[in-house]
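Residue-level structure breakdown
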Amino acid sequence: MKDFTATRRSTLKFLAAGTGVLAAPAIIRPAFAQSKVVNITTYDKFVPQSFIDQFQKDTGIEVRIRLTDDQGKQYNVLSAEGETPSTDIVTVTGHRLPQFIGSNLLSPLDTGRLKNWDKLASAYKGAPQLTVDGSVYGVPLLAGFEGLARNTDYTKASDSWAIMFDPEYKGLTSYIISDFLQITMRYQGNDGDFVAYEGKPEEAQAATNKARDFLIQHKDMVRKYYDAGSEVQQMFVNEDIYVGHSWSGPAAKLIMDGHPIEISVPKEGTYGFLYSFNVVKNGPNTDAAYTFLDAILSSPEIGAAMSRQSGFASAFDGVDKVLNDKERAAMSLPQEQTARIQFFSSVNRDMKNEMVDKAVAEIKAA
Amino acid sequence: MVDTTTTHARSAKTAPTPRYAGWIGKAVGSGLYRHTIGRLADSRRVRLAMLAGVPLLWIAALHIGPIFQMGRISFMADYPPAPDGGSAYTLANYELFFSDQLYFMPFVRSLIFAAVVTVSTLVLVYPVAYYVAKIVQPKNRMRALLLLLIPFWAGELIRTFSVIMLLANRGAVNVALRELGFIDRPIPMLYTSFSLSFGVIYLLALYMLLPLYSAIEKIPTPLIHAAADLGAGPFQRFRRVILPLSKDGIVSGCSLVYLTSVGVFAAPLLLGGPNTVIFPEVIATLFHSSNDKWPEGAAFAMLLLAVSLSTVGLFMRVIGGRSVRLM
């Protein structure tokens, strides 16, 4: 190898380059805070690329998307950034809002700055999930539920979560442990959302333990515990699983793409959730964030594109008319199944998180 | 004695021929520059110190710094600290690990998994490294090595997904077996201990290959020929000559693979099944859990770091002696 000789010129060049690299964070950090930029942390495929392109062209504001796949991760990153967040908009589910608000991470929404606020479907304007202490905290985007998904080619029809424990599908099921633990509690006749257990930790622990033990007992049913919607899609497509718990969006997307998948709400019921865009407190580009939020509300076509990409139902008015029959069918449920969806509550979240997290670790370790 | 008068006279004669025009030339030619930066840069020691300073600063800021920060968080009672600024320090986060068996099994599983992966990688990669270093003609060695390295140009996630596409029920292996008539139902290979080990060995093979190749390539071929001339069979030649002389590569390769596999996270998450949960996933769950558990996660990460470094240190000392270094 050729020996490196440090000459005066090479030393100075190297130092200049090194200084540039070391100074990079100082250059990058203010780059988040430009009036012509909006930084958005959201789920994959939530914001249509066509909308981003048009928005950038119309306003000159650059949209920078950062992907997340978990509310907890998003909360932790935002908490760690403290008073100087590097994102302007985050995507929070309604029932997790109090956690974000309690940590002083979000600003109440000034709906007066959103000219298109009235273009939301009436059921979602000031939705109770997004209203905390009289203030609205988010622009509702998409609604979904925890459903039972099955491959119709290989499984029999079922209207009960019991199919997840049917020995016929041993090693062919999958679920997100924390979500399915709550569904299992419901399947066992308990309150998986912990609202009924406020102030009753012993009862809550007993119900949690019962579901935990049941899932450990049936661990051999599981092919894989997953975390992201894309994983369950991949497992269904590869036929690694035949039946599983799935958020409605990823399953509906598979149906739209022509895969033999069905999503349903079993008779024991399930939980629903509402995603919203929220303005981050002390975000570097708040004005651009409001411009973005107003633009995204401007037409049902944008809502339809979001639904089409994510598989979740839109909170915008008039989207149904824009979707085609196949897309509508993939996202719609019979009335009696819709009635079985109970939206997650923000009540008693700390107890729920604590007990569910512990049970998840125990199931994994078992 | 040095004739300083002559030196100064020569300096004066050869000095300032500006290499740059404009303000750079003026700056370089200025008295301030020549008496400060220029004077410093004239010294070989200072030049080396300045050169080493940047990477050392880089390593300290971006590699060692975060570990210290994580160590600090691991002793904190709350993270992020309360808005009033008060941070209490505690050992409770470490005590949690020892007080709850829940975390012990994945920890032990991680260490065993890393050991199995390391030994398997060594066994699988050694013949490849030997083939490239000693059997392939010298003129083709670099080409062969390059061919082996090409898959590693792709990122870790891409290679992990390629394993998924290979081993899934509708993946390449099952499809091939079915088309050839060996099976009529897919063999469940993905999301098992097999897929996890296969994937991690594939991901980390490079860390074993390069130190092994480097060590084996340095073994003088006449020594192997001499052993053969003296009647040593292939196994004896391997055991008495090749293996001892490639010890440095084995220790370095094993240390690198062990340290990497004990902390590997993405592959187990994507390739593992319900019974293959290992410790990094437990740590990640603490960081991502609904309530703030960064201090617990940090404490567990520090424990894993300490145990894995100690294990490797012990291994290097016992097997490698004093002379072996990682690279």
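Residues numbered from 1 in each chain as written. Chains lettered and ligands numbered in written order. Predicted model: local features only at pLDDT ≥ 70, side-chain atom pairs only at ≥ 80, totals over all residues. Heavy atoms only, no water.

Right, let's talk about the overall build of chain B for a bit. Along the backbone of chain B there are 17 helices and 0 strands. Evaluated residue by residue, chain B yields a buried proportion of 38% over its 327 residues. Relative to all contacts within chain B whose residues are 6 or more apart in sequence, the contacts with residues 24 or more apart total 68%. With the model as given, the accessible surface of chain B reaches about 19,000 Å², and the carbon-plus-sulfur share is 68%. (Helix = DSSP H or I, 4+ residues; strand = E, 2+ residues; numbered from the N terminus. Buried < 20%, exposed > 50% of the residue type's maximum accessible area, 1.4 Å probe, protein only. Contact = heavy atoms within 4.5 Å. Areas by Shrake-Rupley, 256 points an atom, 1.4 Å probe, with all protein chains shown as cover.)

This part takes up the nonpolar core. With 154 residues, the main nonpolar core has V38(A), F277(A), F292(A) and I296(A) as its most contacted residues. Per element, the largest residue contribution to this core is 12 residues, and it comes from helix α11 (residues 193-217) of chain B. Each residue touching F292(A), except ones within four places of it in the same chain, is listed here: V38(A), I40(A), V47(A), F51(A), F55(A), V63(A), I89(A) and F277(A). Among the nonpolar cores identified, the runner-up in size contains 30 residues, and V251(B), V262(B), V282(B) and M302(B) belong to it. (Core = buried A, V, L, I, M, F, W, Y, C linked by side-chain atoms within 4.5 Å.)

Quick look at the environment of F344(A) now. All names here are of chain A. Relative to the elements of secondary structure, F344 occurs in the loop between β13 (341-343) and α14 (349-365). On the accessibility criterion, F344 (8% relative accessible area) is buried. Measuring from C-alpha to C-alpha, the distance between F344 and V232 comes to 22 Å, with 112 residues separating the pair along the chain. Excluding its chain neighbours within four sequence positions, the residues that come into contact with F344 are H95, E146, Q182, D193, Y271, G272, F273 and K352.

On to the interface of chain A and chain B, then. Chain A puts 44 residues into the contact, and the matching count from chain B is 47 residues. At the boundary of chain A and chain B, one finds 4 salt bridges. Two residues, R170(B) and E239(A), come together in a salt bridge whose shortest N-O distance is 3.7 Å. Elements supplying a minimum of two residues to the side of chain A that touches chain B: α1 (8-32), α3 (71-81), β8 (222-225), α7 (229-237) and α14 of chain A. Its residues assigned to classes, the side of chain A that touches chain B shows 16 nonpolar, 10 polar and 18 charged. (Salt bridge = Lys/Arg side-chain N within 4 Å of Asp/Glu carboxyl O. Nonpolar A, V, L, I, M, F, W, Y, C, P; charged D, E, K, R; others polar.)

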